[in-house]
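Architecture at a glance
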Amino acid sequence: MRQHPLPRRITVMVVEDHPEFRDTLSRVVSESEDMRLLGACKDLPAGLCLLEQHCPDVLLVDLGLPSGSGMVLLRSAQILWGARCTAALLTVTGIDEHLLTAAAAGAKGYLFKSDQAADWLGTIRGLAMGQSPLHAKLAHSFLQQFSARAGVADADNGSEGASLPWVLDVQTHALLLHIAAGYTSAEAAQRLNLSEADTGRRIRAVYDQFFQPGPCLSPRELELLGLLNKGYTFKKCAELMGVSESTTKTQAARAYEKLGASNLQMALYEARQAGLIA
Amino acid sequence: MKPARPVSSPEDALAQRIVWWCMLLIALPLALFAWWTYLQFPSRLAQLERVGQVEVWHEALGQPVFAQDTLREIVRTSPDWTQARWQPATLPYVKELGASVDLPPDAPKYRVWLRIPVPPHEDGRGRLGLLGVRVMGGPWAVWADGQLQQANLSDWRIQWNVPLRTAVPLGARELLLAVPYAGPQGFAVGSLYLGPMDVVDTAWRERNLLHFDMPRMMAFVAVLMMILSFHLAWARPREPYFKLLGFNGLVWTISCLQYFFDATGQDRLAVWFGSAVDSSITWTVVMACIFAFEIEGIRAPRLRSGLVIYAAISTLLTLPLWDWQKNALIAQHYFNVLAFVMGLVVLGARVWRHPRREGIALFLALFTLLSLGVHTLENLTSQKNPDGFFSFPMGTLVLYLVFMYVMSRRAIGALDAAERHEHELRQRLHEQEQHLAEQHARLQQLEVQRHLTTQHDTIMQDLHDRLGSNLTSALLQARTGALTPTDTLLLLQDLADELRHMSKSTAADRRGLNEVLAELRQRVQHRLGHGGIELVWDVDPALPAAAGRETSQHLRALLSEAIANVIKHAQATQIRLEAREEDGAVVIAVTDNGRGFDPGSAELGRGLPGMRQRAETLGALLKIESDAQKGCRWVLRLPLSEATKAEPMQTT
């Protein structure tokens, strides 16, 4: 990675409730030469606040935050900054289902908490350069999803095939198969005569296919829906968000409209379907 | 869900009652006014002049047999006026009929003559007429000044009930009314009136209303009741009321036939007809009593069967097959009264003990019928003034009205009960539904709970299997102090790795063999790295094999053991895992470049038997090739059977 120095430092934002891990990761990022920590927050409101002010190159989010699901942050990042910000999950288990849901919400990768610091930095660099990590189980899940949706195209040209929805070009398919069979992405790249960067980009393309752009809810609306989903009343939500109750109701009405729902239950259902809330 | 509600609430019923009372308050004065208006019309009879004094002569006819032809002859024959012995008499003029009379066909016959003086005719009053309320006996004839004016030859069963009406010839000075009769049978002539013919006509119609029109109306009521009741009896054969009521209507209809048919000229038929009519009255009485018993719940089986047997016997005895039937007819009616009184006493006792509206109404109606029956019988036997009319049909009207009242009360009661019952059922159904809904909710809750518990159990099992053993061994090693910081790091890394692979898909029943191998790699990767052993992964990505839960467990354990042996004993720098399809079998090989060993030596025997056993369970062949310097090669040959074949996941 060093042979391709970036023109500027990679900006990183961390939202993680586990204090020790947050501190460790923050320290590792801060101490690296090519990265800059934009901020590290411990919960959803703080994360949303920070995200509204800064656009990080890489956003690292833990899904299980005490004040709400990290999915909201993934969506917000998509809405606020689009492709300028690459979001990824912080995970201990790497459970493929969560990753799939997160990919639908806009996540482009993951970072194992149990990995070594060097691996973390490598992953962050890869993410910043448009590459994505993939482990065997997730590759298996991706393959399953693809076979369930469309099958594989016999396109010679990778870029052309990849542009179509739910179609994999042969090389990427082979890549996924290799990774699913236990090869690391580096080994798979070697076996398939691909460069490591190309491999990462191909995986990123797969992630991109799984992204489902949701309704364009504003971060505040998303936050409100998240709170309502937890069963809070409008009054309580207003209190938590620091606005008046009538404001929350206006926001909710706008959110309903965007989701095509007529009441709270429908709106929550639609939002859940869209992966906006857990 | 809508709560069950009664169809008519008490408030509704009250409101309807009030409406009824209001209507009654309007209808009752109207009815009273109508009745009062009716009473204001003076009787036509008052406009006629009642014949007070007459002269009477009983002409002896000898002993002819009364038959249609002889009677016709007698009526037309002028008497020998010289033999006339006139005696003064007052009207009504009656010769009573005994309760038990012997009437031989050749009994002495008479003709009674009544001489009625006609007041001198005044000009401008128009033609005069004669009205006789009732003439009982043989066919009457009216003579004027010695000439026959009018005769009624109708059968005596009809004509006794027909009021006499005749026009007086202009200039007539006296009228003669002749009634032939048999000595023992007697006769009766009611009041006679003289007056203008038009008034006589109207008064005659008024009288006919009582004699014929009303009883005919009763007959129609009886027919209607019979049809309705038989229909109901057909639809509900278990209810005895309808049958009894229908039969009642039937017998009364039969007895009413006398008001419609004149059997004059057919003597034989007339006799049978009369018998049927008289017997039907017996049946009417008996059926009315039994119906009342049924309604009042009086079982009295002996009394009931006694009544029926009586009716049957009296019907049989009065058939015209026997000579004495003509006399038995009157006696039959006396017995009817007796039977009626018995039934009424039983009913009265019951009503006295358990007074209910229906019972009281029935008793009163039957009592009325009995009274009117007795009155009619007295009339028939001329014990009463013949001016009265036969009131028995009016009694049946009262009786039928009460029957209808009783049946409608029953019907209303049944409807009310059904409604109440339905309401109760609805209520119960509602309760049951609620109960079911509650149970359903509880079951759902339990189901969710159970699901959660199962999930929890699976997770706990996984945790125990994957993390528990590692934790235990780490703890034991740490306690004995045999754990270096490096080992600690390694152990914790293992634990973290294990955690990585805890996900739902581990619980899946069948997984691709590649998946199992990939998972194995994740487990051993760090450990190998720590031991400075390079792992070369050489697995066919399109391996067409799958494994069940148990198979994959055995496979994992087997390969883990093989790799663990390499780490522990081989002092290797590289380990190679190959997996590919070869001649219908999956070959998995673990090769190291360590120092090798003698597969038969006892030192390594500890791990080997277990591995062989697992291979056997898998139905696989385990081969260990080892060269002293070139390392070791474990080859597992797993035949591709139905159980291990993978259904192709992709279509390429």
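What comes next concerns the included structure. Please read all numbers here as calculations on a predicted model, not as lab measurements.

What follows covers the nonpolar core. By size, the foremost hydrophobic cluster in this structure holds 115 residues, and its most contacted members are Val12 and Leu60 of chain A. Counting residues per element, this core draws most heavily on helix H13 (residues 549–570) of chain B, at 7 residues. Residues Ile290, Leu307, Phe390 and Leu399 of chain B belong to the second largest nonpolar core, which totals 48 residues.

Moving on, we come to the pairing of strand E13 (residues 192–196) of chain B. Residues and elements named next belong to chain B. Pairing geometry for strand E1 (residues 49–50) and E13, over 2 bridges, is antiparallel. Paired with Glu49 across the bridge in E13 is Leu194. Relative to E13, strand E6 (residues 128–132) runs antiparallel, the two sharing 5 bridges. When the bridges of E13 are listed, Gly132 appears paired with Leu192.

Turning our attention to unusual backbone geometry. Here the residue pair Leu91 of chain B and Pro92 of chain B is connected by a cis peptide bond, since its omega of -5° sits within 30 degrees of zero. Tracing the chain through its elements places Pro92 of chain B in the loop between strand E3 (87–90) and strand E4 (93–95). The phi angle at Asn193 of chain A is positive, at roughly 60°, despite the residue not being glycine. Within the secondary structure layout, Asn193 of chain A lies in the loop between helix H9 (185–191) and helix H10 (196–210). Overall, Asn193 of chain A belongs to the exposed group, with 8 C-beta atoms counted inside 10 Å. A positive phi angle, close to 50°, is found at Asp145 of chain B, a residue other than glycine. Residue position: Asp145 of chain B is located in the loop between strand E8 (141–144) and strand E9 (147–151). Look at Asp145 of chain B and you get partly exposed, because 13 C-beta atoms sit within 10 Å.

The next point concerns the sheet that holds strand E5 (residues 109–117) of chain B. Residue and element names in this part refer to chain B. The 6 strands are arranged E3-E2-E5-E11-E8-E9 in an open sheet whose pairing can be described as antiparallel. Across the chains shown, the open sheet's two edge strands, defined by having one partner strand only, are E3 and E9. Adjacent strand axes in the sheet meet at a mean angle of 35° when their direction is disregarded. Sheet topology note: the E8/strand E11 (residues 174–182) ladder contains 4 bridges and is antiparallel. Across the sheet, residue Ala141 finds its bridge partner in E11, namely Ala178.

Each value, and the rule that gives it
Residues numbered from 1 in each chain as written. Chains lettered and ligands numbered in written order. Predicted model: local features only at pLDDT ≥ 70, side-chain atom pairs only at ≥ 80, totals over all residues. Core = buried A, V, L, I, M, F, W, Y, C linked by C-beta atoms within 7 Å. Buried ≥ 20, exposed ≤ 12 C-beta atoms within 10 Å, placed from the backbone. Helix = DSSP H or I, 4+ residues; strand = E, 2+ residues; numbered from the N terminus. Pairing = 2+ DSSP bridges. Axes fitted to C-alpha atoms, helices over the stretch in contact; angles between N-to-C directions.

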